[in-house]
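Okay, here's what each chain looks like letter by letter:
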Amino acid sequence: MELKAVIFDLDGVITDTAEYHFIAWKQLAEELGIAIDRAFNEQLKGISRMESLERILIHGGKADAYTPEEKEDMARRKNEHYVSLLERLKPEDTYPGIRELLLEMQREGIPAVIASASKNAPQILHALELTELFSYVVPPDSVKRGKPAPDLFLRGAEEIGVPPKACIGVEDAQAGIEAIKAAGMTAVGIGEEAALTASGADVVLPDTTGLNVAFLRKTLDFKS
Ligand code: BG6
Ligand code: MG
């Protein structure tokens, strides 16, 4: 099978914004008297803003403690804090090897797509000066279901007219790996091997330094 596209998650794959999400959620949770740690945070990765808030409230035993308006306000506050952290983002914050991979893909005529749950994705790509290297950014509101459903990845493949089987998805989140596999794509995980393999990753790398076109082609050949 020929590699026809690579569909990337953003937060925690292109840059370290997964950490900024954690910092902002942790502060909001503390204001609500709820403690969250990094282990719990793994369950928030890849999940939409409101769904993340619901998970935090359930975790703190406060699922029914607030009105929808209060929850909207909490999500808004978390996003304001998160967006203030984004102000420090510079092109040098792009994870190692990512810009080189995107340039190599451009030379080889392999489109790159973003399939992120984040409404802040265009702003992040702009800050990293990567916007031009992506053919398409899937708007999270354009699909019915978030990750672990395959919708964001399928929408990305459909937009550029490539069959899912010829796509590789790259993800740092367990829900994201499940989404890639549910879409019928080959999944490359970035991060902790055991958890991502358990979610169905075809291959897991500890970080982005090993990502290049030859590696991705070999992975697709081997796994498809
Ligand atoms: C995902 C992140 O990419 O986007 C989640 O992994 C985040 O942590 C989600 O909650 C939604 O992001 P945003 O920027 O729209 O709040
Ligand atoms: Mg992610």
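Quick note: structure is the one above.
A few points on the structure. (Residues numbered from 1 in each chain as written. Chains lettered and ligands numbered in written order. Predicted model: local features only at pLDDT ≥ 70, side-chain atom pairs only at ≥ 80, totals over all residues. Heavy atoms only, no water.)

For the rest of this paragraph, the subject is the site of ligand 1. Taken together, the neighbourhood of ligand 1 is formed by 14 residues, with Asp-11, Arg-49, Ser-118, Lys-119 and Asn-120 sitting nearest. Gly-46 places a polar main-chain atom, nitrogen or oxygen, 2.8 Å from an oxygen atom of ligand 1. A distance of 2.9 Å separates an oxygen atom of ligand 1 from a polar backbone atom of Ile-47. Within the complex, 97% of the 400 Å² of free accessible area of ligand 1 lies under protein. Viewed by domain, the shell around ligand 1 spans two of them, domain 1 (5-16 + 90-222) and domain 2 (17-87), each represented by three or more residues. (Near = heavy atom within 4 Å. Polar contact = N/O pair within 3.5 Å; in protein donor to acceptor, adjacent residues only side chain to side chain. Areas by Shrake-Rupley, 256 points an atom, 1.4 Å probe, with all protein chains shown as cover. Domains from an automatic or database assignment.)

Attention now moves to the packing of aromatic side chains. Considering all chains together, one arrives at one aromatic pair under this definition. Their ring planes at 90 degrees and their centres at 6.0 Å tell us that Phe-8 and Phe-134 sit as a pair that is edge-to-face. Placement of the pair is Phe-8 in strand S1 (residues 5-8) and Phe-134 in the loop between helix H6 (121-127) and strand S3 (136-137), with a sequence separation of 126 residues. Each member of the pair, Phe-8 as well as Phe-134, is classed as buried. (Phe/Tyr/Trp six-rings, centres within 6.5 Å; stacked < 30°, edge-to-face > 60°. Helix = DSSP H or I, 4+ residues; strand = E, 2+ residues; numbered from the N terminus. Buried < 20%, exposed > 50% of the residue type's maximum accessible area, 1.4 Å probe, protein only.)

For the rest of this paragraph, the subject is the environment of Leu-101. Relative to the helices and strands, Leu-101 resides in helix H5 (residues 98-108). By relative accessible area, Leu-101 is classed as buried at 1%. In this structure the C-alpha to C-alpha distance between Leu-101 and Thr-208, which are 107 residues apart in sequence, comes to 9.6 Å. Among residues more than four places away in sequence, those in contact with Leu-101 are Phe-8, Leu-211, Asn-212, Val-213 and Leu-216. (Contact = heavy atoms within 4.5 Å.)

Before going further, it helps to spend a moment on H5. Burial in H5 covers these residues: Ile-98, Leu-101, Leu-102 and Met-105. Here the buried residues of H5 occupy an arc of 95 degrees about the axis, which is enough to place them on one side. What points out from H5, more than 90 degrees from its buried face, is the exposed set Glu-100 and Arg-107. Where H5 is buried, its residues touch S1, strand S2 (112-114) and helix H10 (213-223). Of the residues flanking the end of H5, it is Gly-109, one or two places downstream, whose phi is positive at about 75 degrees. (Arc of directions from axis to C-beta.)

Moving on, we get to the pattern of salt bridges. All chains considered together, the criterion is met by 16 salt bridges. Ionic pairing is found between Glu-80 and Arg-76, a salt bridge with its closest N-O pair at 2.7 Å. Taken together, the residues Glu-80 and Arg-76, both in helix H4 (residues 68-86) and four residues apart, mark about one turn of the helix. Since its relative accessible area comes to 48%, Glu-80 is described here as partly exposed. Exposure remark for Arg-76: the relative accessible area of 41% places this residue in the partly exposed category. (Salt bridge = Lys/Arg side-chain N within 4 Å of Asp/Glu carboxyl O.)

Turning our attention to the pairing of S1. Here S1 shows no split at all, with Ala-5 and Ile-7 on one side and Val-6 and Phe-8 on the other all buried. In the sheet, S1 pairs with strand S4 (residues 167-171) via four bridges, with the strands oriented parallel. Residue pairing in the sheet places Ile-7 in a bridge with Gly-169 of S4. Pairing analysis gives three bridges linking S1 to S2, with the strands arranged parallel. Paired with Ile-7 across the two strands is Val-113, which belongs to S2. (Pairing = 2+ DSSP bridges.)

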